[in-house]
Amino acid sequence: MPELPEVETVVRGLQETVTGREITSVKVFRDTPIAPLNPKTFEKRLAGRSIQSVTRRAKYLVFQFDPGLYLLAHLRMTGKFIVSPLISKPEKHHRVWFFLDKDIVMVFDDMRCFGTLELIESLTDCNKLRLLGVEPLSSSLTVPYLKKCIAHSSSNIKNLLLNQTKIAGIGNIYASEILFDAQISPLRQGCQLKAKELRKVIDSTQKILTTAIQKNGTSISDFRRIDEQTGEFQNFLNVYGKAEQPCPRCSVPIQRIVQQQRSSFYCASCQQ
DNA sequence: AGCGGAACCTGTCGGC
DNA sequence: TGCCGACAGGTTCCGC
């Protein structure tokens, strides 16, 4: 499911509802997300902890507890956090329940079991976080930075946008939408883009991601906010999932192609 | 160093 | 109706 705007939507929801709350107990229904940690160990280490803060880094959610303990969560394709009143029976894809004070449950739900929940003691020592590239909405995303990233790469620009070690947070939907906005073909080799085009890629990236956050993310099938409401950005997509439909800019049919085993959608006429 | 491809899981949808 | 393949918002590992 979720790319940066969806994770940001979830984090903002959790900040309002679970920050400052105590985890009274934890129940693991399936250990895939917490493996290789043992469920009992996971449950024990979190019981009695207070959630000091919930933040986002790229597509990761970071829950901070008392000094030196963090829960690093990744939703992958179908992971969800849902905050609800106490419930008696887990639903089919509920993987972990976090019981909070004031009779609230934070549910980790994940149909495909790709999502991960990892306990870490330091953010700076965590390899997964250390290897991430710049935040696309930060001032670190600049033309010189992009130039350096692509200088010795033969990859196409679509794949570069998806490379989390360079820019961290863009996924398959927004990569297509960004390149449509920038009027650049996903097939272009990154290292052949001129400075002016890199500037357009950056501007479009920030424009699309900011708007998507304002619309609470994109719900095509699975993504839901923590109260199970959908996002609204799916109503503003220009090309993703729109194969054969007329380009909103020039009316030529949108094409679907496969790059690096994933769908790309673009207009072969107005994206050069 | 960096690339492509397979793997991890479960579900849905379309074609035959 | 049932079976089969393609496809799904992501990352990681392995071999070249």
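Residues numbered from 1 in each chain as written. Chains lettered and ligands numbered in written order. Predicted model: local features only at pLDDT ≥ 70, side-chain atom pairs only at ≥ 80, totals over all residues. Heavy atoms only, no water.

> Where do I start with the pattern of salt bridges in this structure?
Should the charged atoms of two oppositely charged side chains come close, the side chains can pair. Here the structure, examined in full by the defined rule, presents 13 salt bridges. Glutamate 121 is the partner of arginine 45 in a salt bridge, and the nearest nitrogen-oxygen pair spans 3.4 Å. Of this pair, arginine 45 sits in helix α2 (residues 39-46) while glutamate 121 sits in the loop between β8 (116-120) and α3 (127-130); the two residues are 76 residues apart in sequence, bridging distant segments of the chain. Take arginine 45: its relative accessible area is 29%, and that puts it in the partly exposed class. The closest approach of N and O atoms between arginine 225 and glutamate 232, which form a salt bridge, is 3.0 Å. Taken together, the shared-partner salt bridges in this structure form one network comprising Glu8, Arg12, Arg56, Arg57 and Glu135. (Salt bridge = Lys/Arg side-chain N within 4 Å of Asp/Glu carboxyl O. Helix = DSSP H or I, 4+ residues; strand = E, 2+ residues; numbered from the N terminus. Buried < 20%, exposed > 50% of the residue type's maximum accessible area, 1.4 Å probe, protein only.)

> Would you mind showing me how to read the sheet that holds strand β7 (residues 104-110) here?
Note: strands within a sheet are paired through backbone hydrogen bonds, in either parallel or antiparallel orientation. Pairing within the open sheet is antiparallel, and its four strands lie in the order β1-β6-β7-β5. The two strands at the open ends of the sheet, each matched to only one other strand, are β1 (23-28) and β5 (79-85). Strand-to-strand twist of the sheet, defined as the mean angle between neighbouring strand axes without regard to direction, takes the value 20 degrees. Both strand β6 (residues 94-100) and β7 contribute to a ladder of six bridges, which runs antiparallel. Note on β7: the bridge partner recorded for phenylalanine 99 is valine 105. Across the face of the sheet, α2 comes into contact with β1 and β6 while running at roughly 170 degrees to β1. (Pairing = 2+ DSSP bridges. Axes fitted to C-alpha atoms, helices over the stretch in contact; angles between N-to-C directions. Contact = heavy atoms within 4.5 Å.)

> Got a minute to help me understand the environment of threonine 55 in this structure?
Looking at the secondary structure, you find threonine 55 in strand β2 (residues 53-57). In the structure, threonine 55 is positioned 132 residues away from leucine 187 in sequence and 34 Å away in space, judged by C-alpha atoms.

> Help me understand the protein's contact with DNA strand B in this model?
The full set of residues close to DNA strand B is Arg30, Lys92, His93, Met111, Arg112, Phe114, Ser153, Ser154, Ser155, Gln260 and Gln261. In DNA strand B, the atoms that sit within 4 Å of the protein are 60% sugar and phosphate, with bases accounting for the remainder. At a separation of 2.9 Å, a phosphate oxygen of DNA strand B approaches a polar side-chain atom of lysine 92. One of the side-chain N or O atoms of glutamine 261 is found 3.4 Å from a base nitrogen in DNA strand B. (Near = heavy atom within 4 Å. Polar contact = N/O pair within 3.5 Å; in protein donor to acceptor, adjacent residues only side chain to side chain.)

> Explain the packing of aromatic side chains here, please?
The way to describe two aromatic rings as a pair is by their centre distance and the angle between their planes. By the definition in use, this model includes eight aromatic pairs. Ring centres of tyrosine 174 and phenylalanine 233 lie 5.8 Å apart, and the angle between their planes is 40 degrees; this geometry places the pair in the tilted category. Here the residue tyrosine 174 occupies a position in helix α6 (residues 172-182), and phenylalanine 233 occupies one in the loop between α7 (195-214) and β9 (255-259), the gap between them amounting to 59 residues. Across the pair, phenylalanine 233 and tyrosine 174 agree in class, each one buried. (Phe/Tyr/Trp six-rings, centres within 6.5 Å; stacked < 30°, edge-to-face > 60°.)

> Would you explain helix α1 (residues 4-17) in this entry?
One turn of an α-helix holds 3.6 residues; hence residues three or four places apart share an orientation. With 14 residues, α1 extends 20 Å from end C-alpha to end C-alpha; this agrees with the ideal 20 Å at 1.5 Å per step. Every buried residue of α1 is listed here: Leu4, Pro5, Glu6, Val7, Glu8, Thr9, Val10, Val11, Gly13 and Leu14. If you follow the buried residues of α1, they end up packed against β2, β3 (60-64), β5, β7, α6 and α7. (Expected span 1.5 Å × (residues − 1).)

> Help me out: how do you make sense of the sheet that holds β8 in this one?
Spatially, β2-β3-β4-β8 is the arrangement adopted by the four strands of the open sheet, whose pairing is antiparallel. Edge positions in the sheet fall to β2 and β8, since each has one partner strand and no second. Strand after strand, the sheet turns through a mean of 25 degrees between neighbouring axes, direction not considered. Sheet topology note: the strand β4 (residues 70-74)/β8 ladder contains five bridges and is antiparallel. Paired with alanine 73 across the strands is leucine 117, a residue of β8.

> Explanation requested: the domain arrangement of chain A in the structure shown.
Reports of interface size often rely on the accessible area that becomes lost once the parts have come together. Parsing chain A into structural domains produces domain 1 (4-130) and domain 2 (143-266). Contacts between domain 1 and domain 2 engage 18 residues on the former and 18 residues on the latter. Counting every contact that joins domain 1 to domain 2 gives zero salt bridges. Between the two partners, domain 1 and domain 2, sit five residue pairs in polar contact (both at pLDDT 80 or more). (Domains from an automatic or database assignment.)

> Would you take a moment to explain the packing of α1 against α7 for this structure?
Working note: a packed helix pair is described by the angle between its axes plus the distance between those axes. Running from N to C, α1 and α7 cross one another at 35 degrees; their axes reach a closest spacing of 9 Å. Regarding α1 and α7, the two cross each other, and that crossing is right-handed. Two secondary-structure elements touch here, α1 through Leu4, Pro5, Glu8, Thr9 and Arg12 and α7 through Leu209, Ala212 and Ile213. By residue class, the composition of the contact of α1 with α7 is five nonpolar, one polar and two charged. (Left-handed = near helix turned anticlockwise from the far one by under 90°. Nonpolar A, V, L, I, M, F, W, Y, C, P; charged D, E, K, R; others polar.)

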